[in-house]
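So the chains spell out like this:
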Amino acid sequence: MELGAQFITGSYTNQAGTRAYKLYIPSAYSGQALPLVVMLHGCQQNPDDFAAGTGMNGIAEKYPCFVVYPAQARAANQSNCWNWFKATDQKRDRGEPSLIAGITRQIIGTYCVDTQQVFAAGLSAGGAMAAVMGVTYSDLYAAIGVHSGLPYAAAHDRSPR
């Protein structure tokens, strides 16, 4: 980690529950508006694993931006997967989408974020949840990135057909 950078822990709570997150603040941040990237991990991962595996904190140093890594709660999914396949987690202002959007808004409210450059990206289950976020919160996210995820509402449970 670069001198002056921070990788801090936070949490957000609403009617759908509580989710922890890790936020990377690059060393170049001194109060100016920066982009925000919301990174959604895959199954069996946590924010620290995902940050290390993606190298996004290094990218945030090269191209200054905030990177937030919401953490799925084990109580919500035993495999630490985002519940992108549940109907209750595919709607605006409900379930996990409301928690991820809440984390995003909390970061925007706490730091100087360029609200025209807020992005969500994810891998596998996180990619599928990024697709959910893009559809349900198109006013909040300028773009989404999906790696090995499924399209919005492509499934209604995890069972094979």
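Calculation rules
- Residues numbered from 1 in each chain as written.
- Predicted model: local features only at pLDDT ≥ 70, side-chain atom pairs only at ≥ 80, totals over all residues.
- Heavy atoms only, no water.
- Salt bridge = Lys/Arg side-chain N within 4 Å of Asp/Glu carboxyl O.
- Helix = DSSP H or I, 4+ residues; strand = E, 2+ residues; numbered from the N terminus.
- Pairing = 2+ DSSP bridges.
- Axes fitted to C-alpha atoms, helices over the stretch in contact; angles between N-to-C directions.
- Contact = heavy atoms within 4.5 Å.

Turning to the pattern of salt bridges, a few remarks are in order. Per the stated rule, a full pass over the model turns up four salt bridges. With a closest N to O distance of 2.8 Å, Asp 48 and Lys 22 form a salt bridge. Taken together, the residues span a long stretch of sequence, with Asp 48 in helix H1 (residues 47-54) and Lys 22 in strand E2 (residues 17-25) at a distance of 26 residues. A network of salt bridges, in which partner residues are shared, links Arg 92, Asp 93 and Asp 139.

Glancing now at the sheet that holds strand E6 (residues 143-147). On the basis of which strands lie adjacent, the open sheet formed by six strands has the order E1-E2-E4-E3-E5-E6 and mixed pairing. Two strands bound the open sheet, and with one partner strand each, they are strand E1 (6-14) and E6. Geometrically, the sheet is characterised by an average inter-axis angle of 20 degrees between neighbouring strands, direction not taken into account. Note: strand E3 (residues 34-40) against strand E5 (residues 113-123), six bridges, orientation parallel. Bridge assignment links Met 39 to a residue of E5, and that residue is Ala 121. Running over the sheet, H1 touches E1, E2, E3, strand E4 (66-70) and E5 and is turned about 135 degrees from E4.

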